[in-house]
Amino acid sequence: MVEHTEISVVILAGGTSRRLGRDKAAEPFGHETLLHRVARRASAAVGSNDVVIVLANTGQSERAPADIPHRLALDALPGSGTLGGIYTGLEAARNEWALVVACDMPFLSAPLLGYMAGLREAVDAVVPVTGGRPEPTHALYSRRCLPAISQRLQAGQLKAAGFLDLVRVRYVGEGEARCFDPELLSFFNVNRPEDLAQAIEIAARKRNQSGCFAGTPTRRG
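Summarised in this report is the structure supplied together with it.

So, how was this worked out
Residues numbered from 1 in each chain as written. Predicted model: local features only at pLDDT ≥ 70, side-chain atom pairs only at ≥ 80, totals over all residues. Heavy atoms only, no water. Core = buried A, V, L, I, M, F, W, Y, C linked by side-chain atoms within 4.5 Å. Buried < 20%, exposed > 50% of the residue type's maximum accessible area, 1.4 Å probe, protein only. Helix = DSSP H or I, 4+ residues; strand = E, 2+ residues; numbered from the N terminus. Axes fitted to C-alpha atoms, helices over the stretch in contact; angles between N-to-C directions. Left-handed = near helix turned anticlockwise from the far one by under 90°. Contact = heavy atoms within 4.5 Å. Pairing = 2+ DSSP bridges. Phe/Tyr/Trp six-rings, centres within 6.5 Å; stacked < 30°, edge-to-face > 60°. Lys NZ or Arg CZ within 6 Å of the ring centre and 35° of its normal.

1. Concerning the nonpolar core
Counting residues in hydrophobic clusters, the biggest one holds 34 residues, and the most contacted among them are Ile 11, Leu 99, Val 101, Val 126 and Leu 140. Secondary-structure elements contributing two or more residues to this core are β1 (7-12), α1 (34-46), β4 (51-55), β6 (97-102) and α3 (110-117). With 6 residues, α1 is the largest single contributor of residues to this core. One finds Tyr 87, Leu 153, Ala 161 and Val 167 within the second-largest nonpolar core, a separate group that totals 25 residues.

Right, dumping it as structure tokens:
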């Protein structure tokens, strides 16, 4: 049985949003921003009492949702990309385990994340795989991953999933994930303007069709 330990939430919000052309974390999405929506859904999914938002610089602090308890952490290793953000977030987390998600994932699935949280026994990370690739920004990590991440960072090997071969990982296959999130919407990223338009359409369909979605979104990297 997995111990019922608390899980922190780490939200990576320090990207440059080059493909969207504007700050995606602050992008309005319904009555809230994308960052606010992600923070709300992620913390509720794992019952977190510790939300850490990783920013690139202090000038981004206005992104943070005012009505959700959180802490800000400045990227400890600027220029190290997503992997540096994961390292910063895990170091800042108050709990042994952290759910790490990107700030542009508006459809995080509570059933899927809850299932993943139950798979932590005897491993250091729980990582889904979609399209044959791991999803390092939709994963659970123990702080035991920090030495492996540090090793990769020091070697200049910045691939976000590149440290996974150094730790014990419970991979969640695509078919397994679909049992909880049939259309894999939890992994939908808002990277480009067309992604944002599609996300708004999906959210509208969800409201208007009692949670039923018409069509499967195209996942973009």
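Still to come is the rest of the account.
2. Points about the packing of helix α2 (residues 81-92) against helix α4 (residues 146-154)
Viewed as axis vectors pointing N to C, α2 and α4 meet at an angle of 145°, and their least axial separation amounts to 10 Å. Note that α2 runs across α4; the crossing there is left-handed. On the side of α2, the interface is formed by Leu 83, Gly 84, Ile 86, Tyr 87, Leu 90 and Glu 91, while α4 contributes Leu 146, Ile 149, Ser 150, Arg 152 and Leu 153.

3. Let's talk about α4
Among the residues of α4, Leu 146, Ala 148, Ile 149, Ser 150, Arg 152 and Leu 153 are the ones counted as buried. Where the residues of α4 are buried, they touch α2. Within two residues after α4, Gly 156 carries a phi angle of roughly 75°, on the positive side.

4. So, the pairing of β6
Among the 6 residues that make up β6, 6 are buried, leaving the element largely enclosed by the rest of the structure. Judged by which residues are buried, β6 turns out to be covered on both faces: Trp 97, Leu 99 and Val 101 on one side and Ala 98, Val 100 and Ala 102 on the other are all buried. For β1 and β6, the ladder comprises 6 bridges, and the chain directions are parallel. Bridging across to β6, Ser 8 finds its partner in Ala 98. Bridge count for β6 against strand β9 (residues 138-142) is 5 bridges, and the pairing is antiparallel. Opposite Val 101, over in β9, you have His 138 as the bridge partner.

5. Section: the environment of Glu 32
You can see Glu 32 is positioned in strand β3 (residues 32-33). Ignoring sequence-local partners within four residues, the contact set of Glu 32 consists of Glu 27, Arg 37 and Arg 40.

6. Looking at the packing of aromatic side chains
Scanning the model with the defined rule gives 4 aromatic pairs in all. A ring pair is formed by Phe 29 and Phe 107, whose centres lie 6.2 Å apart and whose planes are at 75°; its orientation type is edge-to-face. Residue Phe 29 is found in strand β2 (residues 28-29), and its partner Phe 107 is found in the loop between β6 and α3; the two are separated by 78 residues along the sequence. Assessed through its relative accessible area of 5%, Phe 29 is described here as buried. Ring geometry for Tyr 141 and Phe 163: centres 5.6 Å apart, planes at 55°, overall tilted. Placement of the pair is Tyr 141 in strand β9 and Phe 163 in the loop between α4 and β10 (169-172), with a sequence separation of 22 residues. The same class applies to Tyr 141 as to Phe 163, namely buried. Joined through ring pairs, the aromatic side chains of Phe 29, Phe 107 and Phe 188 make up one cluster. One residue, Arg 120, lies across the ring of Trp 97, its end atom 5.7 Å from the ring centre.

The values reported here are purely geometric and, on their own, carry no functional implication.
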